[in-house]
Amino acid sequence: MRKILDALYDSAAALAALFMIGLLVMVLLSIAGRQLHFNLPGSDAYAGYLMAGAGFLALAHTLKRGEHIRVTLILSHLGLRAHRWMERWAMGAAAALSLLFAFFSVRLVLQSHDYHDISTGNDATALWIPQLSMAIGTVVLAIAAIDEFVLEWRGRVRVVPEEAVRHE
């Protein structure tokens, strides 16, 4: 199961990297278009879609690597036992919030598809298409947050910086 989950997180990160490459291509095409006097309709919108997609698709991989911003102001003043319970509470809250985020992101995609929403720009893109990367990214994030929550309750040994925890 661990290999499958890690492959899921890595696949989402690889897709985010492809979105970043697509973003670079869209920006370069936009710059070239201005210099060579041609217009690529919707290039700004597509660059925005790709940037948002890259951000959402990278969330789970970033969480699993421990790269999300952590506020250690409170944690640095807690003992080891209190630190452990605070970690459990934080991961539980993160799992619950990410599940809500995933639910509403998927619901937004389904509603945009049902209502035939299109962008207001000159590209007239069906909005469910770029919203799909957000929904996939939030679903994978929810899976990763639940994974982290379960690992935390199972007592996974995590490397904690010495200054973050005051020993009891």
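Structure first, text after, so check above.
Residues numbered from 1 in each chain as written. Predicted model: local features only at pLDDT ≥ 70, side-chain atom pairs only at ≥ 80, totals over all residues. Heavy atoms only, no water.

**Student:** Help me understand the nonpolar core, please; the structure alone is not making it clear to me.
**Tutor:** The tendency in soluble globular proteins is for nonpolar side chains to be buried as a group. One finds L5, Y9, A12, A60, L63, A95, V140, L141, A144 and A145 forming the largest nonpolar core, which totals 10 residues. Breaking this core down by element, the ones donating at least two residues are α1 (2–36), α3 (59–64) and α5 (128–153). Counting residues per element, this core draws most heavily on α5, at four residues. Among residues more than four places away in sequence, those in contact with Y9 are R2, A60, H61, K64, V140, I143, A144 and D147. If you look at the next biggest cluster of nonpolar residues, it comprises eight residues, including F19, L23, M26 and L57. (Core = buried A, V, L, I, M, F, W, Y, C linked by side-chain atoms within 4.5 Å. Buried < 20%, exposed > 50% of the residue type's maximum accessible area, 1.4 Å probe, protein only. Helix = DSSP H or I, 4+ residues; strand = E, 2+ residues; numbered from the N terminus. Contact = heavy atoms within 4.5 Å.)

**Student:** Just checking my understanding: could you explain the pattern of salt bridges for this structure?
**Tutor:** Side-chain pairing between opposite charges can occur once the charged atoms of the two side chains come close. The final tally for this structure, using the stated rule, is five salt bridges. Where R2 meets D6, a salt bridge forms, and the shortest distance between an N and an O atom there is 3.5 Å. Placement of both R2 and D6 in helix α1 is noted, with a separation of four residues, approximately one turn of the helix. Here R2 falls in the partly exposed class, since its relative accessible area comes to 35%. With relative accessibility at 31%, the residue D6 sits in the partly exposed group. The closest approach of N and O atoms between R84 and E152, which form a salt bridge, is 3.1 Å. Separated by 68 residues along the polypeptide, R84 in helix α4 (residues 80–114) and E152 in helix α5 bring together distant segments of the chain. (Salt bridge = Lys/Arg side-chain N within 4 Å of Asp/Glu carboxyl O.)

**Student:** How should the packing of helix α2 (residues 43–57) against α5 be read in this particular structure?
**Tutor:** Packed helices, taken two at a time, are described by the angle between their axes plus the distance between the axes. Running from N to C, α2 and α5 point in directions that differ by 10°, and their axes come no closer than 8 Å. As summarised for this structure, α2 and α5 are arranged roughly parallel, according to the angle between their axes. Mapping the contact onto sequence places Y49, G53, F56 and L57 in α2 and P130, S133, M134, I136, G137 and T138 in α5. (Axes fitted to C-alpha atoms, helices over the stretch in contact; angles between N-to-C directions. Parallel < 35°, antiparallel > 145°, perpendicular 65-115°, else oblique.)

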